[in-house]
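# Geometric and topological summary
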Amino acid sequence: MSQCQRCKKAVATVHLTDVTKTGNRTRDLCDRCAHEEGYAAKAPPVQINEILSNFVLQAPQIQELAALTCPHCQMTFAEFRNGGLLGCPHDYEIFEQALLPLMQRAQDGNSRHSGKSPRRTDAPRDFQIELVRLRRNLEQAVEREDYEAAARLRDQIDSIETR
Amino acid sequence: MKIDELLGRTGEWLRATGPMSDVVISTRVRLARNVSGYPFLTKATSDKRDELADLLKRGIQAAVKEHKWSYFDITRVGELDRQMLVERHLISRQHAEAEGSRGVSVSPDETVALMVNEEDHLRMQSIRCGLQLEQVWEEISGIDDLLEQRFEYAYHPRYGYLTACPTNVGTGMRLSVMLHLPALKLTNEIEKVLRAARDMRLAVRGLFGEGTEATGDFFQLSNQTTLGRPEEDIISDFRSEILPKVLEFEAAARQALVRERPVALDDKIWRSYGILQNARSISSEETLAHLSHLRMGIHLGRFREIDLKTLNELFLMTQPAHLQKQTGNRLSGEDRSVARAGYIRKRLNRE
């Protein structure tokens, strides 16, 4: 573990690389010094528009995607980038390559849904994962002495197990 | 029900009786859903938009037919009435100001509002007074189940419920609590708490949600993440981590004020009362600031001149559209301030 180059006390947790004409210069800073120098150690939640514009600046290959058009709703990726709203449900697959990293940034790194799903959906549901989730919720409900919720969760677990 | 009938009462969420209601004004959850086979509204032609509004209205009416729900076609609702629906938190500002077919279905006690053709085809909310996280979730999830039998939702096995904006994709759920934090504000500790909330990936907003600034003593906290975490986990974060901390900080700040600055505290409360009793012209922001002090005074047992019910009625009825509906006239800003001061004096002095 390296020491913070600024205060020379704390452990460096932030490692920066400045690209200059004479070569790369690296700096190792602790949380506090990084924050004081304006490098927020913990990035504040970013707005979708900000993510969109940064993303475009950072990824030149996205320029090619910008012209991509959804055959179902005629939305182009460039149009989405400007307005922040998609044109139809198919856009999630048509623009997937460009959307995915963006969603991950907006969604705290997540890219896979977990939670409620329509009952009538034809997509096979993973009941094992569902059971694990329900059992954990049951434990939490018992812990906080919410017996109403616990009873409901127990019924849900029963209904899956007897399927 | 006609819109005018709303005027004579306050919605359930303003009853001020729910759990933790000294700090938590209301709990709200909303779900975003879209009907499969239709474009999102950004790309919907006006015909498609009409078709969707009709389809959703019929579906909702059939699903809730045993209850006495109202459906308001927003295109036929006057500007002042639309503003009134916003003030009652039944529709969003965006929905009030949009164009094209759209509507809202409201339950008789105003706990549930289903917006049709907002940013998504359906925006469903449940709102209740005090801290009622599980109750609002169960209520809206139950209605979601009923509607799901009538519409096929746009759903993706990996991304969950598909929404017009990728920041809502997944659960489509936004859980919010409206908090009254006057003591943290008075003791200048509010920024610290709000920063901690933002670090916990929460959005901090003002009284009317998205696009409104967190000013005054009222703050709305809501989850940012909708993808990858089940609804129950988000609820449990609020229940066991977020709220206990915020409530504890506010309680400690209130106790510190009582202990260390009782005169300053009473001065704040009673000055506010004096202004409200005597003002001849007052803005809604100033009214809100003074009502906030009275609310704190009531909860600390230091102010008993009016009860919470009266306070909450003032809170709602002094907002611009409610005020104008009562006087029966459209009023300019200055005339509104005069009418507002008159209404408050009448209520407080029992004139």
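These numbers were taken from a predicted model, which means no experiment stands behind them.

### Let's talk about the interface of chain B and chain A
By a frequent convention, interface size equals the accessible area lost on bringing the separate parts together. Taken together, the contact pairs 51 residues of chain B with 44 residues of chain A. Buried area between chain B and chain A, both sides added, is near 4,200 Å², and the carbon and sulfur share of it is 54%. By the criterion of area lost to chain A, the three top residues of chain B are Lys43(B), Arg158(B) and Pro166(B), representing 16% of everything that side buries. Here chain B and chain A share eight salt bridges between them.

### Some points on the sheet that holds strand 10 (residues 218-223) of chain B
Residues and elements named next belong to chain B. Pairing is antiparallel across the open sheet formed by eight strands, whose spatial order is 2-3-4-5-1-8-10-9. Two strands bound the open sheet, and with one partner strand each, they are strand 2 (70-73) and strand 9 (202-205). Pairs of neighbouring strands in the sheet enclose a mean axial angle of 20°, with direction left out of account. Bridge count between strand 4 (residues 112-116) and strand 5 (residues 122-129): five bridges; the pairing is antiparallel. Residue Val112 lies in a different strand from strand 5, and its bridge partner there is Ser126.

### Some words on the packing of aromatic side chains
Overall, the coordinates contain nine aromatic pairs over all chains when judged by the stated rule. Ring centres of Tyr92(A) and Tyr159(B) lie 6.2 Å apart, and the angle between their planes is 35°; this geometry places the pair in the tilted category. Residue Tyr92(A) is located in helix 5 (residues 91-94), and its partner Tyr159(B) is located in the loop between strand 6 (155-156) and strand 7 (160-161); the two belong to separate chains. No difference in accessibility class separates Tyr92(A) from Tyr159(B), as the two residues are buried. With centroids separated by 5.1 Å and ring planes inclined at 70°, the aromatic side chains of Trp270(B) and Phe303(B) adopt a geometry described as edge-to-face. Here Trp270(B) is found in helix 8 (residues 262-278), whereas its partner Phe303(B) is found in the loop between helix 9 (284-299) and helix 10 (308-317), with 33 residues between them in sequence. Cation over ring: Arg33(B) sits above Tyr161(B), and NZ or CZ is 3.4 Å from the ring centre.

### Overview of unusual backbone geometry
Residues and elements named next belong to chain A. A positive phi angle, near 70°, is found at Gln74, a position not held by glycine. Within the element layout of this structure, Gln74 appears in the loop between helix 3 (62-66) and helix 4 (77-83). We classify Gln74 as partly exposed; its relative accessible area is 48%.

### Points about the pattern of salt bridges
Summed over all chains, the structure comprises 31 salt bridges over all chains. One salt bridge in this structure joins Arg144(A) and Glu134(B), with 3.5 Å as the shortest N-O distance. Note that Arg144(A) is positioned in the loop between helix 7 (127-143) and helix 8 (147-161) and Glu134(B) in helix 4 (residues 133-148), a pairing that runs across two chains. For Glu134(B), a relative accessible area of 10% puts it in the buried group. Among the salt bridges present, the one from Lys325(B) reaches Asp81(B), with a minimum N-O distance of 2.7 Å. Of this pair, Lys325(B) sits in helix 11 (residues 320-327) while Asp81(B) sits in helix 2 (residues 79-87), and the two are 244 residues apart along the sequence. Three or more residues are tied together by salt bridges with common partners; here these are Lys116(A), Arg119(A), Arg33(B), Asp144(B) and Asp145(B).

### What to know about the side chain of Asn137(A)
Positionally, Asn137(A) belongs in helix 7. Owing to a relative accessible area of 4%, Asn137(A) belongs among the buried residues under this scheme. Contacts of Asn137(A), omitting those with residues within four sequence positions, involve Leu153(A), Glu232(B) and Asp233(B).

### Topic: the packing of helix 10 of chain B against helix 12 (residues 333-349) of chain B
Residues and elements named next belong to chain B. Look at helix 10 against helix 12: their axes get within 11 Å of each other, and the N-to-C directions meet at 170°. By the angle between their directions, the pair helix 10 and helix 12 is classed as roughly antiparallel. Residue-level contacts link Thr310, Glu313, Leu314 and Met317 of helix 10 to Tyr343, Ile344, Arg347 and Leu348 of helix 12. In terms of residue class, the contact of helix 10 with helix 12 is built from five nonpolar, one polar and two charged.

Rules behind the numbers
Sequence order as written defines residue numbering, which begins from 1 separately in each chain. All chains are assigned letters beginning at A, and all ligands numbers beginning at 1, according to the order in which they are written. In keeping with the model being predicted, local features are shown solely for residues with a pLDDT of at least 70 and side-chain atom pairs are shown and tallied solely at 80 or more, while totals for entire chains, interfaces and linings include all residues. To obtain the side-chain values, all non-hydrogen atoms of the structure were included, while hydrogens and water were left out. Note on contacts: a residue pair is in contact if any heavy atoms of the two residues lie within 4.5 Å. Simply put, the buried area is the total loss of 1.4 Å probe accessible area from both parts when two parts are fitted together. Every case where a carboxyl oxygen of Asp or Glu lies within 4 Å of a side-chain nitrogen of Lys or Arg is listed as a salt bridge. Two strands are counted as paired when DSSP detects at least two bridges linking them. Only DSSP runs of H or I reaching four residues or more are called helices, and only runs of E reaching two or more are called strands; each is numbered from the N terminus. What counts as an axis is a line fitted to C-alpha atoms, over the stretch in contact for a helix, and the angles between N-to-C directions run from 0 to 180 degrees. Here a Phe, Tyr or Trp ring, Trp counted by its six-membered ring, pairs with any other such ring whose centre lies within 6.5 Å, and the pair is stacked when the planes are under 30 degrees apart, edge-to-face when over 60, and tilted otherwise. Only protein chains enter the accessibility calculation, which uses a 1.4 Å probe; a residue whose area is less than 20% of its type maximum is buried, one above 50% is exposed, and one in between is partly exposed. Put simply, a charge is over a ring when the Lys NZ or the Arg CZ is close to the ring centre, within 6 Å, and near the line of the ring normal, within 35 degrees. These descriptions rest on fixed angle ranges, namely under 35 degrees for roughly parallel, over 145 for roughly antiparallel, 65 to 115 for roughly perpendicular, and the rest for oblique. Gly is put with the polar residues, along with every residue not named as nonpolar or charged; the nonpolar set is Ala, Val, Leu, Ile, Met, Phe, Trp, Tyr, Cys and Pro, and the charged set is Asp, Glu, Lys and Arg.

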